[in-house]
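# Chain and residue survey
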Amino acid sequence: MAATGRKHLVRDFNHFITCYLCRGYLIKPTTVTECLHTFCKGCIVQHFEDSNDCPKCGIQVHETNPLEMLRLDNTLEEIIFKLVPGLREQEEQQEVEFWKKNQPRENGQEAVRCQRIGLPDVGDDYGGGGGGDDDDDGGDDDYHRSDPQIAICLDCLRNTGQSEESTVTDLMKRFIRCSSRVTVGTIKKFLSLKLKLPSSYELDVLCNGEIMGRDHTLEFIYMTRWRLHGENTYPMVLEYRPRIDFG
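All of the points below concern the structure found in this document. Owing to the predicted nature of the structure, the values given are computational and were not obtained by experimental measurement.

### Thoughts on the overall build of the protein chain
- Per the secondary structure count, the protein chain includes eight helices and eight strands.
- Within the protein chain, the proportion of its 247 residues that are buried is 33%.
- A separation of at least 24 residues holds for 56% of the contacts in the protein chain among residues at least 6 apart in sequence.
- Counting every atom, the protein chain has about 15800 Å² of accessible surface; 50% of that belongs to carbon and sulfur.

Following this line, the structure appears as structure tokens:
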């Protein structure tokens, strides 16, 4: 006799997909890495303006800057949008209406915001004019801006005894801030560009003396390599050197 599966209602999952602070569905769900509790991004950011503690369990998230301990959960966001019919469209429409009310239309910025969330350009009545170039530039400038950000320091590792060592030098600006989803491969491309290295030139990127794989993200390195060493401070330091072939 075949077992009949029980149908689950959305309310059966409300405990997992609602925000402890506003009691609504999680919008841009953001997790506190110290205790793994998740809240709406807007709710938890506003809470941290007045407190450094998790509002649910009371643990101190960070002594001075708890915002550094927040991570967006895009997977959970997609699950919630699939579970709750019409929620995605409602939020996108509210975002468009918010920007229409609170931001004047300048340099095609409203069109850029609408395109960023996949909606038609609400500024079509202004005509095509020269807005195309502005939109393209704006899109490039805003790429990954909504991602969690991380600050890193890129140091040149010297005294490796390699003949190519003189080719790889210090960066003029060692400190950068970028998306935590940036990979080591992208960091290598950035270094090659800044140091004007030939395309065939290979670099190693290390954290705490360990060579990092090119597909490792900065968030992964921070959580599994840098943060585990209690003496390490912020920002995270990555070292680079000419690639050593151990084969």
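### Points about unusual backbone geometry
- Of note, the phi angle at L36 is positive, near 65°, even though the residue is not glycine.
- Structurally, L36 is set in the loop between β1 (29-32) and β2 (38-40).
- Residues other than glycine seldom take positive phi values, yet N208 does so here, at roughly 55°.
- Counting through the fold element by element, N208 comes out in the loop between β6 (203-207) and β7 (210-211).
- Relative accessible area serves as the criterion here: at 37%, N208 is assigned to the partly exposed category.

### Some words on the side chain of R71
- Structurally, the position occupied by R71 is in strand β3 (residues 70-72).
- Only 3.1 Å separates the side chain of R71 from the side chain of E219, close enough to count as a polar contact.
- Once you skip the residues sitting within four places of it in the chain, R71 turns out to touch P29, T30, T31, T33, P148, E219 and Y222.

### A few points about the sheet that holds β6
- The five strands are arranged β5-β4-β8-β6-β7 in an open sheet whose pairing can be described as mixed. Every other strand in the sheet has two partners, leaving β5 (175-179) and β7 as the edge strands with one partner each.
- Note that β6 and strand β8 (residues 236-242) share four bridges and pair antiparallel. Bridge pairing links L206 to E239 in β8.
- Against the sheet, helix α7 (residues 184-195) contacts β4 (149-156), β5, β6 and β8, and its axis sits at roughly 125° relative to β6.
- Packing against the sheet, helix α8 (residues 218-226) makes contact with β4, β5, β6, β7 and β8, and its axis sits at approximately 105° to β8.

### A look at the packing of aromatic side chains
- Taken as a whole and judged by the stated rule, the model has zero aromatic pairs.
- Positioned above the aromatic ring of Y20, the side-chain terminus of R23 is 4.9 Å from the ring centre.

### Looking at the nonpolar core
- The biggest cluster of nonpolar side chains holds 44 residues, and the ones touching the most others in it are L218, M236 and L238.
- Residue assignment for this core shows that the elements contributing at least two residues are β2, α2 (41-47), α3 (74-83), β4, α7, β6, α8 and β8.
- Not counting chain neighbours up to four residues away, the residues in contact with L238 comprise I152, C153, L154, D155, V205, L206, C207, L218 and I221.

### Focus on the pairing of β4
- With six of eight residues buried, β4 lies mostly within the body of the structure.
- Where β4 and β5 come together, five bridges link them in antiparallel fashion. Directly across from I152, in β5, lies its bridge partner I176.
- By the bridge criterion, five bridges tie β4 to β8 in an arrangement that is parallel. Bridging across to β8, C156 finds its partner in Y240.

Calculation criteria
- Residues numbered from 1 in each chain as written.
- Predicted model: local features only at pLDDT ≥ 70, side-chain atom pairs only at ≥ 80, totals over all residues.
- Heavy atoms only, no water.
- Helix = DSSP H or I, 4+ residues; strand = E, 2+ residues; numbered from the N terminus.
- Buried < 20%, exposed > 50% of the residue type's maximum accessible area, 1.4 Å probe, protein only.
- Contact = heavy atoms within 4.5 Å.
- Areas by Shrake-Rupley, 256 points an atom, 1.4 Å probe, with all protein chains shown as cover.
- Polar contact = N/O pair within 3.5 Å; in protein donor to acceptor, adjacent residues only side chain to side chain.
- Pairing = 2+ DSSP bridges.
- Axes fitted to C-alpha atoms, helices over the stretch in contact; angles between N-to-C directions.
- Phe/Tyr/Trp six-rings, centres within 6.5 Å; stacked < 30°, edge-to-face > 60°.
- Lys NZ or Arg CZ within 6 Å of the ring centre and 35° of its normal.
- Core = buried A, V, L, I, M, F, W, Y, C linked by side-chain atoms within 4.5 Å.

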